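# Summary of structural features
Residue strings, one per chain:
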Amino acid sequence: MNNQDKIRKLIELRNEARMGGGEVRIDKQHAQGKMTARERIEMLVDDGSFEELDMFVTHRCTNFGMEKTKFKGDGVVIGHGTIDGRVVYVYAQDFTVFGGSLSETMAQKICKIMDMAMKVGAPVIGINDSGGARIQEGVTALAGYAEIFERNILASGVVPQISAIFGPCAGGAVYSPALTDFIMMTEENSYMFVTGPKVVKTVTGENITVDDLGGANVHSSKSGVSHFKVENEEEGLMMIRKLVSYLPQNNFEEAPLTECTDPIDRLEDNLNEIVPANPNMPYDVKDIIYSIVDDSEFLEIHQHYARNIVVGFSRFGGQSVGIIANQPNFLAGVLDCDASRKAARFIRFCDAFNIPLLTLVDVPGFLPGSGQEYAGIINHGAKLMFAYGEATVPKVTVTLRKSYGGAHCVMSSKQLRGDFNYAWPSAEIAVMGAKGAIEVLEGRNVRKIEDDTEKAEYIQKKTDEYEDAFANPYQAASYGYIDDVIEPRNTRFRIIRAFQNLQTKKVTNPLKKHSNIPL
Ligand code: HXC
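Residues numbered from 1 in each chain as written. Predicted model: local features only at pLDDT ≥ 70, side-chain atom pairs only at ≥ 80, totals over all residues. Heavy atoms only, no water.

## Description of the site of the ligand
In the neighbourhood of the ligand, 19 residues make up the surrounding shell, with Arg25, Gly99, Gly131, Ala133 and Ile135 lying closest. At 3.3 Å, a side-chain N or O of Lys28 approaches an oxygen atom of the ligand. Between the ligand and Ser101 there is a distance of 3.5 Å, counted from a nitrogen atom to a side-chain nitrogen or oxygen. A total of 1,000 Å² of accessible area belongs to the ligand in isolation, and the protein chains cover 55% of it. Tallying contributions element by element places helix H5 (residues 139-155) first for the shell around the ligand, with 3 residues. Along the lines of polarity and charge, the residues of the shell around the ligand split into 9 nonpolar, 7 polar and 3 charged. (Near = heavy atom within 4 Å. Polar contact = N/O pair within 3.5 Å; in protein donor to acceptor, adjacent residues only side chain to side chain. Areas by Shrake-Rupley, 256 points an atom, 1.4 Å probe, with all protein chains shown as cover. Helix = DSSP H or I, 4+ residues; strand = E, 2+ residues; numbered from the N terminus. Nonpolar A, V, L, I, M, F, W, Y, C, P; charged D, E, K, R; others polar.)

Below you can see the structure in the form of structure tokens.
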């Protein structure tokens, strides 16, 4: 064989590998509205940047006559490419090869790029589309999963890890995505569950469809397992590119600073009027977010889950910032179990990856009731407190309106090492709202009054006195718990200046093996 023949052979082998499980299975994949693994990667990374590794790897299984059926690449495409010129490592399971099922060799391939990503310090993006452990391989497939899990765990907080679920993801296979930082699901074709509908029916008698058990709607709104729900794969891949743009490559780097053409001293007069005079009237905190961030761009995480708190990424003066905001438009912005967990995890991600935090506070307190107590609001609330208190990244807090009780302490208060704590003139910072306070403080006096009109007048008088004393930011400001009361229209400028000032912030936590966050 001369050199020309050898090169021709190489090209043939490559072309064979690129066909995955063959044309018929590729057509089936397309007919289901799904792209192939390679099509997905090509759309995800910059044009021409993808370098595939291990395309000649085949499985080594000999059970059930498996040695007669081998496909080059063995059901997963791995390699590296760039997104906006920055390196990412990618794996995409190829459903056309044994249903993307995980073999010993597939696991080795995935582990290879995870190890490379850790060495180089670059994000890992996994595209999941798999029937789970390769049944013919048995225990070696299980060991393969565990190898991946261990790497997910060690990579956590070192390089960003993103999981796209573009097909089945069932059984123990769900735990690799679950160990990563972000999960995305497509509305059609994707599902995740520990046990499928048939097993559910056998064990519990419950009749349930695949979608109702583990579809994108369920996981993005009810369980919170999925951070992003997208209509289709193309939208999902573009969203991953956007997400990556807000993130640093690893925990030793800062997120990239982008050029900011939006004036940093832009005044937003409408903000002076946005908070309703009546404290019981809602407003949409996202309107405030869009007004103050660069170019009104905000990538919301967990958009459909625990909507009483809003979290996501934006930029201020070109710098990536993680935003946490109570949402008065939903359950009055109260903190409950789900909202606490959602925000805590986001804060910990930002802190791990040097992304500063902006907190916008309008919180009436923790949600009362047996439902929340039985669900462990004490534990979940403590997670949020822990996440804020432990975070060493720059922390800027703006209190827009209510900031009551324990929720005041939790939401990035000065005492949890908030760096700059500002308040709008509409802020109300107190132990509790006027109504509750008067019931406790004046109950005895109120009960003594027999005439109803007189009683109402007395309650109103005491409520007015309480509101005059506490429904404002000045008592907190008089103690220095609030650094300044700012005019709402200046908010963007004040936030940007605060973050610029904090660029050289250095705070470390006491040396320890690791903390014991109340999980
Ligand atoms: C080997 C598999 C496979 C698997 C699918 N295939 N799953 N091969 N191991 N786990 C193969 C099929 O034989 C078929 O091969 C091809 O992939 C496509 O599968 P279809 O069934 O034709 O596709 P579809 O109708 O779309 O159904 C997809 C599916 C179904 C719902 C995922 O294939 C399925 O139920 N698979 C088994 C799922 C499962 O129970 N996995 C084990 C879970 S336990 P051909 O040659 O016809 O193309 C587990 C433990 C992990 O994963 C523990 C980790 C700790």
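The discussion continues.
## Brief notes about a negative patch on the surface
On the surface, Glu187, Glu188, Asp211, Asp212, Glu231 and Glu235 cluster together to form a negatively charged patch. Its location among the elements puts Glu231 in the loop between strand E9 (228-230) and helix H10 (233-245). (Patch = residues over 30% accessible without salt bridge, like charges linked within 9 Å, V, L, I, M, F, W, Y side chains within 5 Å. Salt bridge = Lys/Arg side-chain N within 4 Å of Asp/Glu carboxyl O. Lys, Arg positive; Asp, Glu negative; His and termini not counted. Charge placed at Lys NZ, Arg CZ, Asp CG, Glu CD.)

## Overview of the pairing of strand E11 (residues 309-316)
Across the 8 residues that make up E11, a large majority, 8, are buried. Because side chains alternate across E11, one face comprises the buried residues Ile309, Val311, Phe313 and Arg315, and the other comprises Val310, Gly312, Ser314 and Phe316, equally buried. In the sheet, strand E10 (residues 299-301) pairs with E11 via 3 bridges, with the strands oriented antiparallel. From the neighbouring strand, Ile301 faces E11, where its bridge partner is Val311. Relative to strand E12 (residues 319-326), E11 runs antiparallel, the two sharing 8 bridges. Paired with Ser314 across the strands is Val321, a residue of E12. The antiparallel hairpin formed by E11 and E12 contains 2 residues in its connecting segment, where Gly317 sits at a positive phi of about 60 degrees. (Buried < 20%, exposed > 50% of the residue type's maximum accessible area, 1.4 Å probe, protein only. Pairing = 2+ DSSP bridges.)

## Points about helix H14 (residues 377-390)
Taking 1.5 Å of rise per residue, the 14 residues of H14 would be expected to cover 20 Å, and the 19 Å separating its terminal C-alpha atoms lies within 8% of that figure. Taken together, the buried positions of H14 are Ile377, His380, Gly381, Lys383, Leu384, Ala387, Tyr388 and Glu390. The inward-facing, buried residues of H14 contact E12, helix H12 (337-352), strand E13 (357-363), helix H13 (370-374), strand E14 (395-404) and helix H15 (405-410). (Expected span 1.5 Å × (residues − 1). Contact = heavy atoms within 4.5 Å.)

## Regarding the environment of Leu179
Position of Leu179 relative to the elements: it lies in helix H6 (residues 175-179). With 29 residues separating them along the chain, Leu179 and Glu150 place their C-alpha atoms 9.5 Å apart.

## Thoughts on empty space enclosed by the protein
Tallying each qualifying case throughout the model produces 3 cavities of 30 Å³ or more. In this structure, the largest cavity encloses a volume near 90 Å³. In this structure, the largest cavity is lined by 13 residues; those nearest its centre are Tyr91, Gln93, Asn128, Tyr145 and Ala173. The set of elements that each furnish at least two residues to the lining of the largest cavity consists of strand E3 (86-93), H5, strand E6 (168-170) and H6. Of the residues assigned to the lining of the largest cavity, the class counts are 9 nonpolar, 4 polar and no charged. Taken as a whole, the second largest cavity holds about 70 Å³ of empty space. Residue lining of the second largest cavity: 14 residues in total, with Thr399, His408, Ser413, Asn421 and Ile482 positioned closest to the centre. If you tally residues by element for the lining of the second largest cavity, the top one is E14, at 3 residues. (1 Å grid on protein atoms, 1.4 Å probe; cavity = no way out; pocket = protein on both sides within 12 Å on 5 of 7 lines; lining within 4 Å. Points joined across faces, edges and corners; volume = space filled by probe spheres on them.)

## Considering the pattern of salt bridges
According to the stated counting rule, one finds 28 salt bridges in the structure shown. Of the charged contacts, one joins Arg266 and Asp262 as a salt bridge, the two residues approaching to 2.8 Å between their closest N and O atoms. Taking relative accessible area as the criterion, Asp262 reaches 9% and is therefore assigned buried. In this structure, a network of salt bridges that share partners links the residues Asp262, Arg266, Glu268, Asp294 and Arg492.

## Observations regarding the packing of aromatic side chains
Here a ring pair, both rings aromatic, is described through the centre-centre distance and the interplanar angle of the planes. Inspection of the entire model under this criterion finds 15 aromatic pairs. Arranged with centres 6.2 Å apart and planes meeting at 50 degrees, the rings of Phe182 and Phe228 form a pair that is tilted. Here Phe182, found in strand E7 (residues 182-186), pairs with Phe228, found in strand E9; they are 46 residues apart in sequence, far enough to count as distant. On the basis of relative accessible area, Phe182 is assigned to the buried category, the value being 3%. When the ring of Phe313 is compared with that of Phe349, the centres are 6.2 Å apart and the planes differ by 70 degrees; the resulting orientation is edge-to-face. Of this pair, Phe313 sits in strand E11 while Phe349 is found in helix H12, placing the two residues 36 residues apart along the sequence. Its relative accessible area of 7% is what places Phe349 among the buried residues. An aromatic cluster is present here, built from Phe182, Phe228, Tyr246, Phe313, Phe346, Phe349 and Phe353 joined pairwise through their rings. The cationic tip of Lys34 hangs over the ring face of Phe95; the distance from NZ or CZ to the ring centre is 4.5 Å. In this arrangement the basic side chain of Arg494 is found over the ring face of Tyr422, its NZ or CZ atom lying 5.0 Å from the centre. (Phe/Tyr/Trp six-rings, centres within 6.5 Å; stacked < 30°, edge-to-face > 60°. Lys NZ or Arg CZ within 6 Å of the ring centre and 35° of its normal.)

## What about the sheet that holds strand E4 (residues 124-128)?
Note on sheets: strands pair through backbone hydrogen bonds, and any given pair is parallel or antiparallel. Pairing is mixed in the open sheet, where 7 strands are placed in the order E1-E2-E3-E4-E5-E7-E9. In this open sheet, the two strands that pair with only one neighbour each are strand E1 (51-53) and E9. Pairs of neighbouring strands in the sheet enclose a mean axial angle of 20 degrees, with direction left out of account. Pairing analysis gives 5 bridges linking E4 to strand E5 (residues 161-165), with the strands arranged parallel. Paired with Gly126 across the two strands is Ser163, which belongs to E5. Against the sheet, helix H3 (residues 37-44) makes contact with E1, strand E2 (76-83), E3 and E4, and its axis sits at roughly 160 degrees relative to E3, the strand it touches most. (Axes fitted to C-alpha atoms, helices over the stretch in contact; angles between N-to-C directions.)

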